[in-house]
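Here is what each chain is made of, one letter per residue.
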Amino acid sequence: MTNMGGPEKLDDVHDFLLNLFSDRDLMQLPLQSLTSKWIAKRRSPSIREQYAQIGGGSPILKWTRKQGEVMEKILDEISPETAPHKHYIAFRYVTPSTDAALEAMKKDNVKRAVVFTQYPQYSCSTTGSSLNELHHGIKAAGMEDSVDWSIIDRWNTHPGFIEATASLIEKKLKEYTPEERKDAVILFSAHSLPMSVVNRGDTYPAEVGASVQHVMKRLEGKYPHRLVWQSQVGPSAWLGPQTSDAIEGYGKQGKKNLVLVPIAFTSDHIETLFELDLEYGELAEKSGVTGFKRVEALNGNEIFTRALADIVKEHLDSKQLVSRQWYLRCPGCTSEKCKDTREYFASKDSTQ
């Protein structure tokens, strides 16, 4: 189960930021080995304070473990021919790291492994970065030929994911009175990307948009909605409109009932608990949005954990190493790591 991870304790914040800003798949900075250290040192105090306000650390490891444990049990029931199943967590920027997961798998003598991204929508900067890191780790651990690998690289329109998201939206909408519900606007908020990544040909914006359209179809189009983007960092151009600007804009238009949906996050972490709840909650109050609500993250939702198992089961039954879409690099891609990672997995794929 691959994801970016988050600092479990306040003392983990600096190293998390250092690893994050050192990742050239995520961002490319001048003199990155030096710049990343400067940014991590400079931003650590403020980011520590943000984590302190949400309980002293990120809950993403807790939720990923719970999701993995439930998924294992369901898979043992619905796919006995591939049982027993065991999950390993491979975070990109904190422990348990990709290398730690590979070490544990090697110790357990694993022969068949599914790389299951926990980002529903694919981006080179998230799932792509994790896969490049995994490929590097596989080579370093000498596991190129000892494990039969396959990849679940995206699942942005899977029916279980859509149903879990839609049902949580419906649950939150019930908190309004019938009159308030008539005027509710749904804002689907996803982590933004630099326009340099978007213009390179990254599929993430389209895949998030597809998730939104499937959820709204499930909701029978009963409510007006917009897709907005959060967590912009730095002065460069990023994909918009920004979530904060949308809240302010609708406040000025007299919209009182805004429902914020974390459409690209599978569990709570700082982007939901601090940015959406605290930062944007305060902004909504200042903007006159008196009916501001945030839909729960998927976390331990039973529909969602069942969906995780179904996604793996369907993947195993397909006998497919990875989706056809994954082999196609962005038209503007110049990354040798992306090229090498795809060539490695293609060499194991009989369909290529």
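Residues numbered from 1 in each chain as written. Predicted model: local features only at pLDDT ≥ 70, side-chain atom pairs only at ≥ 80, totals over all residues. Heavy atoms only, no water.

- Looking at an unreviewed UniProt entry, the protein chain carries the name Ferrochelatase, with the source organism given as Phycomyces blakesleeanus.
- A UniProt comment under Pathway (unreviewed entry) is attached to the protein chain, and it reads "Porphyrin-containing compound metabolism; protoheme biosynthesis; protoheme from protoporphyrin-IX: step 1/1." (UniProt positions renumbered as here; feature names shortened; annotations may be inferred.)

1. Looking at the overall build of the protein chain
Argument step 1. If you tally the helices and strands in the protein chain, you get 14 helices and eight strands.
Argument step 2. Viewed in the frame of its principal axes, the protein chain has a C-alpha envelope of about 60 × 50 × 40 Å.
Argument step 3. Relative to its full complement of 352 residues, the protein chain shows a buried share of 54%.
Argument step 4. For the protein chain, restricting intrachain contacts to residue pairs at least 6 apart in sequence, the fraction spanning at least 24 positions comes to 77%.
Argument step 5. When the accessible surface of the protein chain is split by element, carbon and sulfur atoms take 52% of a total near 16500 Å².
Argument step 6. Each charge class in the protein chain can be summarised by its mean position, and for the 44 positive and 47 negative side chains these summaries are 2 Å apart. (Helix = DSSP H or I, 4+ residues; strand = E, 2+ residues; numbered from the N terminus. Buried < 20%, exposed > 50% of the residue type's maximum accessible area, 1.4 Å probe, protein only. Contact = heavy atoms within 4.5 Å. Areas by Shrake-Rupley, 256 points an atom, 1.4 Å probe, with all protein chains shown as cover. Lys, Arg positive; Asp, Glu negative; His and termini not counted. Charge placed at Lys NZ, Arg CZ, Asp CG, Glu CD.)

2. A short note on unusual backbone geometry
With the exception of glycine, most residues fall at negative phi, and the peptide bonds are largely trans.
Argument step 1. Backbone torsion omega between A83 and P84 reads 0°, so that peptide bond is classified as cis.
Argument step 2. Mapping P84 onto the fold places it in the loop between α3 (60–78) and β2 (90–91).
Argument step 3. Omega for the bond connecting G240 with P241 falls within 30 degrees of zero, at 10°, which places this linkage in the cis form.
Argument step 4. Topologically, P241 is positioned in the loop between β6 (225–230) and α10 (243–252).
Argument step 5. Look at L31: it is not a glycine, yet its phi comes out positive at around 50°.
Argument step 6. Position of L31 among the secondary structure elements: in the loop between α1 (13–22) and α2 (32–53).

3. Considerations on the packing of aromatic side chains
Argument step 1. For the coordinates displayed, the defined rule picks out eight aromatic pairs.
Argument step 2. Between W326 and Y327 the ring centres are 5.5 Å apart and the planes differ by 55°, which places this aromatic pair in the tilted class.
Argument step 3. Assessed through its relative accessible area of 1%, W326 is described here as buried.
Argument step 4. For Y327, a relative accessible area of 16% translates into the label buried. (Phe/Tyr/Trp six-rings, centres within 6.5 Å; stacked < 30°, edge-to-face > 60°.)

4. Digging into the packing of α1 against α2
When two helices pack together, their arrangement is given by the angle between the helix axes and the distance between those axes.
Argument step 1. At a minimum axis separation of 7 Å, α1 and α2 run at an interaxial angle of 140°. With respect to α2, the element α1 is oriented oblique. As α1 runs across α2, the sense of the crossing is right-handed. Here α1 contributes V13, H14, F16, L17, L18, F21 and S22 to the contact with α2, which in turn contributes Q32, S36, K37, I39, A40, K41, R43, S44, I47, R48 and Y51.
Argument step 2. The class makeup of the residues in the contact of α1 with α2 is nine nonpolar, five polar and four charged. (Axes fitted to C-alpha atoms, helices over the stretch in contact; angles between N-to-C directions. Parallel < 35°, antiparallel > 145°, perpendicular 65-115°, else oblique. Left-handed = near helix turned anticlockwise from the far one by under 90°. Nonpolar A, V, L, I, M, F, W, Y, C, P; charged D, E, K, R; others polar.)

5. What to know about helix α4 (residues 98–107)
Argument step 1. For α4, the complete set of buried residues consists of T98, A101, L102 and M105. The arc enclosing the buried residues of α4, seen along the axis, measures out at 95°, which places them on a common side. Exposed residues pointing more than 90 degrees away from the buried face of α4 are listed as E103 and K107.
Argument step 2. The secondary structure elements touched by the buried residues of α4 are β2, β3 (112–116), α5 (127–140) and β4 (148–152).
Argument step 3. One or two positions beyond α4, positive phi appears at N109, with a value near 60°. (Arc of directions from axis to C-beta.)

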